[in-house]
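Residues per chain, in single letters:
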Amino acid sequence: MSGEGDLIARLRGLATHPAARSLLDDAAVLPAPLGRDLVLTHDMLVAGVHFLPDCPAGDVAWKLLAVNLSDLAAKGATPIGVLMGYGLTGDTAWDAAFVDGLARALAHFDVPLLGGDTVAQPKGDARVLGLTAIGQALAGGAPDRRGAKPGDHLWVTGPIGDAGLGLRIALGEIEGPRRLLKAYRLPMPRLAFGRTIAPHVSAMADVSDGLLIDARRIADASGLAVTIDLATVPLSDEARTLGLAPLTAATAGDDYQLLFASSSAEIERIAAEQRVPIACVGRFDQGSGLTIVDNGGPVALPTSLGWEHGA
Ligand SMILES: Nc1ncnc2c1ncn2[C@@H]1O[C@H](COP(=O)(O)OP(=O)(O)O)[C@@H](O)[C@H]1O
Ligand SMILES: Cc1ncc(C[n+]2csc(CCOP(=O)(O)OP(=O)(O)O)c2C)c(N)n1
Ligand SMILES: [Mg+2]
Ligand SMILES: [Mg+2]
Ligand SMILES: [Mg+2]
């Protein structure tokens, strides 16, 4: 396999949904879901920024799909299709492994590849990939980051911090169980949980950049203050064994857990029913900004609350 035509020929084998028009047309044509809002998101992955150059191509394909589906999960949406942007670097074995991994990921989430674009990247450039995910909101609409109310609790699904440790394992900085490496390379978007709790939240986002920074974004968007107790950040047993500090976990990012504001008693019932670990990590109040405490005692804010590109 080499070149644009060959890659598209391979992708054609995956794009079997009629809306994809066998990747022979200028665009995909998808019937609009009747009476439901469309949810649209686009996230990119760049080698050296989001994944290490030695990451297996199939895992990169999984992550490209999963991080976008995580944004849909945060809107309580059901995926209905994706469009992919692909940069060719001339490494044809990598391309073939990527397509195989993408096929597995699409099948796992039962989401059709509808189209995309393929371009050559200048020699030596880091690999760049993009994906647009299209979802269908629940009949009640999609939760917003702007809807938190004073007195709402801040909840997060767990664990938090495993992916950050997985990155350190991938970098060879520490040794640790393979499950942590997988948390970094193969995130699992919380689609089913997001869909079920969406009607019971006042605001929701996924945790991509870090628990603290993403919580502050919900607070800022809602015009409120948020207080987070580090003692309640849900760490995995493996992370505890490795001595992960809650503050490190809460600023590491790459978690792809759901973070939401709610005052509903339904939250704990749904989490127990779906066996999704959740933790109440904070609370929204009148005011502005982020305050962190540890078991109620004051803690100074770190200089960085999480990942910001170009910062
Ligand atoms: N280059 C861009 N063009 C248009 N909108 C953008 C661009 N980059 C980010 N956004 C928008 O800014 C908002 C925040 O982006 P981001 O932090 O990447 O969201 P998320 O963490 O949900 O992926 C989203 O509404 C996103 O669609
Ligand atoms: C090689 C490597 N270095 C560092 C990181 C850490 N990192 C890079 S981007 C990022 C935040 C998530 O990516 P972003 O593109 O900001 O996703 P979005 O917030 O748009 O969903 C994190 C935690 C990583 N994932 N891989
Ligand atoms: Mg984004
Ligand atoms: Mg995102
Ligand atoms: Mg980000």
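That block above? That's the structure.
Residues numbered from 1 in each chain as written. Chains lettered and ligands numbered in written order. Predicted model: local features only at pLDDT ≥ 70, side-chain atom pairs only at ≥ 80, totals over all residues. Heavy atoms only, no water.

1. Describing the sheet that holds strand S2 (residues 78–88)
Piece 1. One open sheet accounts for four strands, arranged S1-S4-S2-S3; its pairing is mixed. Each edge of the sheet is formed by a strand with only one pairing partner; in this case those strands are strand S1 (38–46) and strand S3 (113–120). In this sheet, adjacent strand axes meet at a mean angle of 15 degrees when their direction is disregarded.
Piece 2. Here helix H1 (residues 3–12) sits on the sheet in contact with S2 and S3, set at roughly 155 degrees to S2. (Pairing = 2+ DSSP bridges. Helix = DSSP H or I, 4+ residues; strand = E, 2+ residues; numbered from the N terminus. Axes fitted to C-alpha atoms, helices over the stretch in contact; angles between N-to-C directions. Contact = heavy atoms within 4.5 Å.)

2. Comments concerning the coordination of the magnesium ion (ligand 5)
Piece 1. The magnesium ion (ligand 5) binds to the protein through Asp209 (OD) and Asp209 (OD), with metal-donor distances spanning 2.2 to 2.3 Å.
Piece 2. Structurally, the position occupied by aspartate 209 is in the loop between strand S6 (203–206) and helix H7 (211–222). (Donors = N, O, S within 2.8 Å, 3.2 Å for Na, K, Ca; no water.)

3. A word on the site of ligand 1
Piece 1. Around ligand 1, the surrounding shell consists of Asp43, Asp71, Arg145 and Ser208.
Piece 2. At 3.1 Å, a side-chain N or O of aspartate 43 approaches an oxygen atom of ligand 1.
Piece 3. One nitrogen or oxygen atom from the side chain of aspartate 71 is found 2.9 Å from an oxygen atom belonging to ligand 1.
Piece 4. Alone, ligand 1 offers 550 Å² of accessible surface; in the complex the protein occludes 28% of this.
Piece 5. Residues of the shell around ligand 1, tallied by class, amount to no nonpolar, one polar and three charged. (Near = heavy atom within 4 Å. Polar contact = N/O pair within 3.5 Å; in protein donor to acceptor, adjacent residues only side chain to side chain. Areas by Shrake-Rupley, 256 points an atom, 1.4 Å probe, with all protein chains shown as cover. Nonpolar A, V, L, I, M, F, W, Y, C, P; charged D, E, K, R; others polar.)

4. Brief notes about the site of ligand 2
Piece 1. Inspection of the region around ligand 2 gives 16 residues, with His50, Tyr184, Ser208, Asp254 and His309 positioned closest.
Piece 2. Contacts to ligand 2 include histidine 309, whose side-chain N or O atom sits 2.8 Å from an oxygen atom.
Piece 3. When ligand 2 is considered free in solution it has 580 Å² of accessible area, and contact with the protein chains removes 87% of it.
Piece 4. Across the shell around ligand 2, the residue classes break down as eight nonpolar, five polar and three charged.
Piece 5. Mapped onto the domain boundaries, the shell around ligand 2 takes at least three residues apiece from domain 1 (4–137) and domain 2 (152–299). (Domains from an automatic or database assignment.)

5. Overview of the pairing of strand S9 (residues 278–285)
Piece 1. Pairing analysis gives five bridges linking strand S5 (residues 153–157) to S9, with the strands arranged antiparallel. Paired with tryptophan 155 across the strands is cysteine 280, a residue of S9.

6. Considerations on the packing of helix H4 (residues 162–170) against helix H5 (residues 178–185)
Piece 1. Relative to each other, H4 and H5 sit at 105 degrees, their axes nearing to 7 Å. Relative to H5, the element H4 is oriented roughly perpendicular. Taken together, the residues of H5 that come into contact with H4 (itself represented by Asp162, Ala163, Leu165, Gly166, Leu167, Ile169 and Ala170) are Arg179, Leu180, Leu181, Ala183 and Tyr184.
Piece 2. When grouped by side-chain class, the residues that make up the contact of H4 with H5 number nine nonpolar, one polar and two charged. (Parallel < 35°, antiparallel > 145°, perpendicular 65-115°, else oblique.)

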